[in-house]
Amino acid sequence: MPDHSLYARRLREIADALDAEPQQTDDVLTPHPDTLGVIRNRYTKRGQFNHAVPEVLQLQRRIRRYNADTGVPHGDIVALALDTWLRAKGYPPDLTP
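Everything numeric here is computed off the predicted structure, so don't read it as measured data.

Engineer: Hey, could you go over a nonpolar patch on the surface for me, with residue numbers and the actual values?
Structural biologist: On the surface, a nonpolar cluster with roughly 560 Å² of combined accessible area is contributed by Phe49, Leu82, Trp85, Leu86 and Tyr91. In this structure, Trp85 sits in helix α4 (residues 74-88).

Now the structure itself:
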């Protein structure tokens, strides 16, 4: 009888990996739990992120207004928005140290 233990172990590993994946929510704008953990960590190293964006979108004004209404720092607004969008497009970060 052939030994299928290697295949069974590999299938268990795949099932465990799939279970570890965050479950999709109904709201695609919900930030990923890992991202929220990074944002909330006060010791997270931060860097500048400068890009030219169309002025007609009024992104800077809208970010300032959102910050004034919610108290969420400007950098966190940008980080949450971009991370959510990139994850939705299939580009998650590698958060391993």
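Engineer: Give me the confidence of the model for the protein chain: which residues, what numbers.
Structural biologist: Confidence along the protein chain averages 86 in pLDDT terms, with 92% of residues attaining 70 or more. The least confident element of the protein chain is helix α1 (residues 5-20), whose mean pLDDT is 82; the most confident is helix α3 (residues 59-70), at 95.

Engineer: Which residues make up α3, and what values go with them?
Structural biologist: Counted at 1.5 Å a residue, the expected span for α3 with its twelve residues is 16 Å, and the 16 Å between its end C-alpha atoms agrees. Positive backbone phi, approximately 85°, marks Gly71, located one or two places after α3.

Engineer: Any details on unusual backbone geometry? Residues and values, ideally.
Structural biologist: In this model, Gln58 sits at a positive phi of 55°, which is unusual for a non-glycine residue. Mapped onto the fold, Gln58 is located in the loop between α2 (33-40) and α3. Judged by its relative accessible area of 39%, Gln58 falls in the partly exposed class.

Engineer: Which residues make up the pattern of salt bridges, and what values go with them?
Structural biologist: On inspection of all chains with the given rule, the structure shows three salt bridges. With a shortest N-O distance of 2.9 Å, Arg46 and Asp76 are connected by a salt bridge. With Arg46 in the loop between α2 and α3 and Asp76 in helix α4, this pair connects stretches of sequence that are 30 residues apart. A salt bridge links Asp83 to Arg87, with the nearest nitrogen and oxygen atoms 2.7 Å apart. On the criterion of helical spacing, the pair formed by Asp83 and Arg87 is a turn pair, its members being four residues apart in helix α4. For Asp83, a relative accessible area of 15% corresponds to the buried category.

Rules of the game
Residues numbered from 1 in each chain as written. Predicted model: local features only at pLDDT ≥ 70, side-chain atom pairs only at ≥ 80, totals over all residues. Heavy atoms only, no water. Patch = residues over 30% accessible without salt bridge, like charges linked within 9 Å, V, L, I, M, F, W, Y side chains within 5 Å. Areas by Shrake-Rupley, 256 points an atom, 1.4 Å probe, with all protein chains shown as cover. Salt bridge = Lys/Arg side-chain N within 4 Å of Asp/Glu carboxyl O. Helix = DSSP H or I, 4+ residues; strand = E, 2+ residues; numbered from the N terminus. pLDDT = per-residue confidence, 0-100. Expected span 1.5 Å × (residues − 1). Buried < 20%, exposed > 50% of the residue type's maximum accessible area, 1.4 Å probe, protein only.

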